[in-house]
Amino acid sequence: MNKIFAIMLGLSLFLTACGREPEPTTAPTVPGTESTGVTDPSTEPTAPSTEPSEVIGADCHTPNWTPEQYDFYLNHVSDAPAGFVHYEHIRWMGEVQWIHIPRSFEHMENMENSWFYSYYMQDEAGFNLELRVGRAYPGYTSTVPETNAINPEDMRFLTEEIEGRVRYIYGDMSYSYEDGRLMYIKVEWENGKSCVLSSGILTTDELCDYPTEPTGTFLGDLLSLETADEAVERFLAAINAPIPET
């Protein structure tokens, strides 16, 4: 089953309230949907324009921003609420290719809501990745079964043949697998917020396809438990720091 079909299948599980968690299935799902919404795969990047293009559909009417529209993005997020992760916070992760952020920040300030926004980047290893920041509905807990069949030095694949979805919990992190292949990594912090790192919808690669040689990148460091803690600390320090000047 190719990745595009998996995304389409994930969309069929999307509930009326944007960001609501679909029930776990044994079929592949969009990375990050355990605590966030589902992005419509039909919204492929388009040629730059002088205004952000609107994406209408299951991604909660978020604007679609490209690098050529970066000044518009900066203006839009100038009144974002405290705690919003700006691209300038995570520029060191990779070069931005595409951004999905809320049309209105009012939804994010309601503690009863779930929400997400995403940055699509290419890191220094040439790998396309999505960093999705979000918050699940209060009280949500995942029912995906856990496993310990991992190689702590290389988290790309499980060490046993396991069908369907499973996850490995490591502190405030979880590594989610589909049929033994790493699909996404989730990091949680205060007030139910989390980020989900996946290969996104701008590539057919999966996290398990990441280069095996050391890269020194954020994603590369997360693929070994020896370097994962330090990588997460660096990420949390970055997003809690003042917004760097552009």
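What counts and what doesn't
- Residues numbered from 1 in each chain as written.
- Predicted model: local features only at pLDDT ≥ 70, side-chain atom pairs only at ≥ 80, totals over all residues.
- Heavy atoms only, no water.
- Helix = DSSP H or I, 4+ residues; strand = E, 2+ residues; numbered from the N terminus.
- Buried < 20%, exposed > 50% of the residue type's maximum accessible area, 1.4 Å probe, protein only.
- Polar contact = N/O pair within 3.5 Å; in protein donor to acceptor, adjacent residues only side chain to side chain.
- Pairing = 2+ DSSP bridges.
- Salt bridge = Lys/Arg side-chain N within 4 Å of Asp/Glu carboxyl O.
- Expected span 1.5 Å × (residues − 1).
- Arc of directions from axis to C-beta.
- Core = buried A, V, L, I, M, F, W, Y, C linked by side-chain atoms within 4.5 Å.
- Contact = heavy atoms within 4.5 Å.

1. Section: the side chain of Arg132
- With respect to the helices and strands, Arg132 occurs in strand β5 (residues 128–135).
- Assessed through its relative accessible area of 1%, Arg132 is described here as buried.
- A distance of 3.3 Å separates the side chain of Arg132 from the side chain of Ser118, its partner in a polar contact.

2. Observations concerning the pairing of strand β10 (residues 181–188)
- The element β10 is largely enclosed, with a buried count of six among its eight residues.
- In terms of strand pairing, strand β9 (residues 173–178) meets β10 through six bridges, oriented antiparallel. The residue bridging Ser176 from the neighbouring strand is Tyr184, located in β10.
- Between β9 and β10, which follow one another and run antiparallel, lie two residues, and Asp179 among them has a positive phi close to 50°.
- Two successive antiparallel strands, β10 and strand β11 (residues 193–198), enclose a turn made up of four residues, where Asn191 displays a positive phi of approximately 60°.

3. A few points about the pattern of salt bridges
- Scanning all chains against the criterion turns up five salt bridges.
- Here Arg91 makes a salt bridge to Glu88, at a shortest N to O gap of 2.7 Å.
- Residue Glu206 pairs with Arg181 through a salt bridge whose shortest N-O separation is 2.8 Å. You can see Glu206 sitting in the loop between β11 and α5 (218–222) and its partner Arg181 sitting in strand β10, a full 25 residues away along the chain.
- The class of Glu206 is buried, set by a relative accessible area of 13%.
- The partly exposed category is assigned to Arg181, whose relative accessible area is 26%.

4. Notes on helix α6 (residues 225–239)
- Helix length check: α6, at 15 residues, gives a terminal C-alpha distance of 21 Å against a target of 21 Å (1.5 Å per residue), a fit within 8%.
- Restricting attention to buried positions, one finds in α6 the residues Leu225, Ala228, Ala231, Val232, Phe235, Ala238 and Ile239. End-on, the buried residues of α6 take up no more than an arc of 125°, which puts them together on one face. Exposed and facing more than 90 degrees away from the buried side of α6 are Glu226, Glu230 and Glu233.

5. Some thoughts on the nonpolar core
- Residues Tyr73, Phe84, Ile90, Tyr175 and Leu222 are the most contacted members of the largest nonpolar core, which totals 49 residues.
- No other element matches α6, which puts six residues into this core.
- Contacts of Leu222, omitting those with residues within four sequence positions, involve Met155, Met173, Tyr175, Ile185, Leu197, Ala228, Ala231 and Val232.

6. So, the environment of Ser114
- The topology assignment puts Ser114 in the loop between α4 (106–109) and β4 (115–122).
- Distance from Ser114 to Ala136, taken between C-alpha atoms, is 4.8 Å for residues 22 residues apart in sequence.

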